[in-house]
Amino acid sequence: MTSVEIIKIGTRESPLAMWQARHAQKLLQEKFPSITFELISRKTQGDKNTELPLSKFSDKGVFTKELDDILLNRQVDCAVHCVKDLPTVLDSRMEIICYLKREAPNDCILIDQAKHKNVTTLSQLPHGSKIGTSSLRRKALLRRFFRAQHPQAENVDDIYSIEEIRGNLGTRLNKLLKEQLFDAIMLAYVGVDRLEWTKRNNENVKDLCVTKLSDIQFPYCVGQGALALVCRSSKWTINSSEQSHDANLQSRFSQLNDIYTQLLCEAERSLLRELEGGCKVPVAVRTYR
Ligand SMILES: NCc1[nH]cc(CCC(=O)O)c1CC(=O)O
């Protein structure tokens, strides 16, 4: 009897992370039909602590640490991450081996139309509106946008309030639609689309309006919209059978690499690395060839 080769893929447990991991799993399965690809999920620091603003976390890799651990102790063979969540300097024992084709990198604005009938854009939001985001970049861009809209205003914070919101996408959507804590929230379009909240006939989100923002007015976060497969670096393994096993895994994963996405993401990541930005500095990019 021939044994079936099994390759294990690590992922976070949030619905978006699971969608992304299944997406990678599907692409791998299509490319390598004789191998079985299994998903192994873990909660990360960023998932467990849903109160603290992201900019206040002390460690790097808020969304990656627990997955790094199971990759290094060989419980999984790779981990799927949003490029955006990866530190600009990885642990030297691992590397990005593959960038999956990038989707829309834009941000979007989510508006509860039960509360604001017919409002679809930021500029239509009434004065006094409360807008939720956890990102310093988005806060800065929102202020810039509102200042351009209200050149006569002394301080746009007197007109709109931009407030902290945390938690995974589902939690944030509940804060908008169920708890009605905000008039609008700002998120990455790609995540909202992957969870199918952009679908008009989706009963779960029937009062939700999703409007994609222009990347000229709202340049995006480094790596936004792209996924990466992170593997153990073959340089570090001492045991030669593990080393050749890992090299073999790498050569397979790298076949899914999208070179254009790699080019853009590496350019963006090297900028952030030079600025030593992480998520504590509001850096926004727009990258094209
Ligand atoms: N900040 C968390 C995070 N990390 C990646 C995404 C979305 C997917 C992506 O941008 O690739 C999100 C949610 C968001 O910013 O709305």
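In the nomenclature of an unreviewed UniProt entry, the chain is known as hydroxymethylbilane synthase of Reticulomyxa filosa. Recorded in UniProt under Sequence similarities (unreviewed entry), the annotation for the chain is "Belongs to the HMBS family." The UniProt entry for the chain carries the following comment under Pathway (unreviewed entry): "Porphyrin-containing compound metabolism; protoporphyrin-IX biosynthesis; coproporphyrinogen-III from 5-aminolevulinate: step 2/4."

**Topic: the packing of aromatic side chains**
As enumerated under the stated definition, the model contains four aromatic pairs in all. Ring geometry for phenylalanine 146 and tyrosine 160: centres 3.8 Å apart, planes at 15 degrees, overall stacked. Taken together, the positions of phenylalanine 146 in helix 4 (residues 136-149) and tyrosine 160 in the loop between helix 4 and strand 7 (161-163) put the pair 14 residues apart, joining distant regions of the chain. Feature note: the residues Phe145, Phe146, Tyr160 and Phe218 constitute an aromatic cluster, connected by ring pairs. Of note, lysine 212 hangs over the ring of tyrosine 189, and the distance from its end group to the ring centre comes to 4.7 Å.

**Digging into the pattern of salt bridges**
One pass over the structure, following the stated rule, counts 18 salt bridges. For arginine 252, the salt bridge is made with glutamate 5, and the minimal N-O distance between the two is 2.7 Å. One end of the pair, arginine 252, is in helix 7 (residues 240-253); the other, glutamate 5, is in the segment before strand 1 (6-12), with 247 residues separating them in the sequence. The exposure class assigned to arginine 252 is buried, which follows from its relative accessible area of 18%. For glutamate 5, a relative accessible area of 29% puts it in the partly exposed group. The salt bridge partner of arginine 138 is aspartate 107, with a shortest N-O separation of 2.9 Å. Taken as a pair, arginine 138 in helix 4 and aspartate 107 in strand 5 (residues 107-112) lie far apart in primary sequence, 31 residues in all. Each member of the pair, arginine 138 together with aspartate 107, is buried. Taken together, the shared-partner salt bridges in this structure form one network comprising Arg74, Asp77, Arg232, Glu242 and Asp246.

**Regarding the domain arrangement of the chain**
Under the domain assignment used here, the chain contains domain 1 (6-103 + 221-275) and domain 2 (107-212). Averaged C-alpha coordinates put domain 1 and domain 2 at centres separated by 29 Å. Across the domain 1/domain 2 interface, buried area totals approximately 1,300 Å², and carbon plus sulfur atoms make up 55% of it. On the surface where domain 1 and domain 2 come into contact, there are one salt bridge. The interface formed by domain 1 and domain 2 holds five residue pairs in polar contact (both at pLDDT 80 or more) in total. The element best represented in the side of domain 1 that touches domain 2 is helix 1 (residues 15-31), accounting for four residues. Its residues assigned to classes, the side of domain 1 that touches domain 2 comprises nine nonpolar, eight polar and three charged.

**Notes on the site of the ligand**
All residues adjacent to the ligand are Leu16, Cys82, Lys84, Asp85, Arg138, Leu187, Ala188, Val190, Gln224, Gly225 and Ala226. The contact in question runs from an oxygen atom of the ligand to an N or O atom on the side chain of arginine 138, over 3.1 Å. A distance of 2.9 Å separates an oxygen atom of the ligand from a polar atom in the backbone of alanine 188. The protein chains hide 91% of the 390 Å² of surface that the ligand would expose on its own. Residue composition of the shell around the ligand, grouped by class: six nonpolar, two polar and three charged. Looking at the shell around the ligand, you find at least three residues from each of domain 1 (6-103 + 221-275) and domain 2 (107-212).

Procedures and definitions
Residues numbered from 1 in each chain as written. Predicted model: local features only at pLDDT ≥ 70, side-chain atom pairs only at ≥ 80, totals over all residues. Heavy atoms only, no water. UniProt positions renumbered as here; feature names shortened; annotations may be inferred. Phe/Tyr/Trp six-rings, centres within 6.5 Å; stacked < 30°, edge-to-face > 60°. Helix = DSSP H or I, 4+ residues; strand = E, 2+ residues; numbered from the N terminus. Lys NZ or Arg CZ within 6 Å of the ring centre and 35° of its normal. Salt bridge = Lys/Arg side-chain N within 4 Å of Asp/Glu carboxyl O. Buried < 20%, exposed > 50% of the residue type's maximum accessible area, 1.4 Å probe, protein only. Domains from an automatic or database assignment. Buried area = accessible area lost by both parts, 1.4 Å probe. Polar contact = N/O pair within 3.5 Å; in protein donor to acceptor, adjacent residues only side chain to side chain. Nonpolar A, V, L, I, M, F, W, Y, C, P; charged D, E, K, R; others polar. Near = heavy atom within 4 Å. Areas by Shrake-Rupley, 256 points an atom, 1.4 Å probe, with all protein chains shown as cover.

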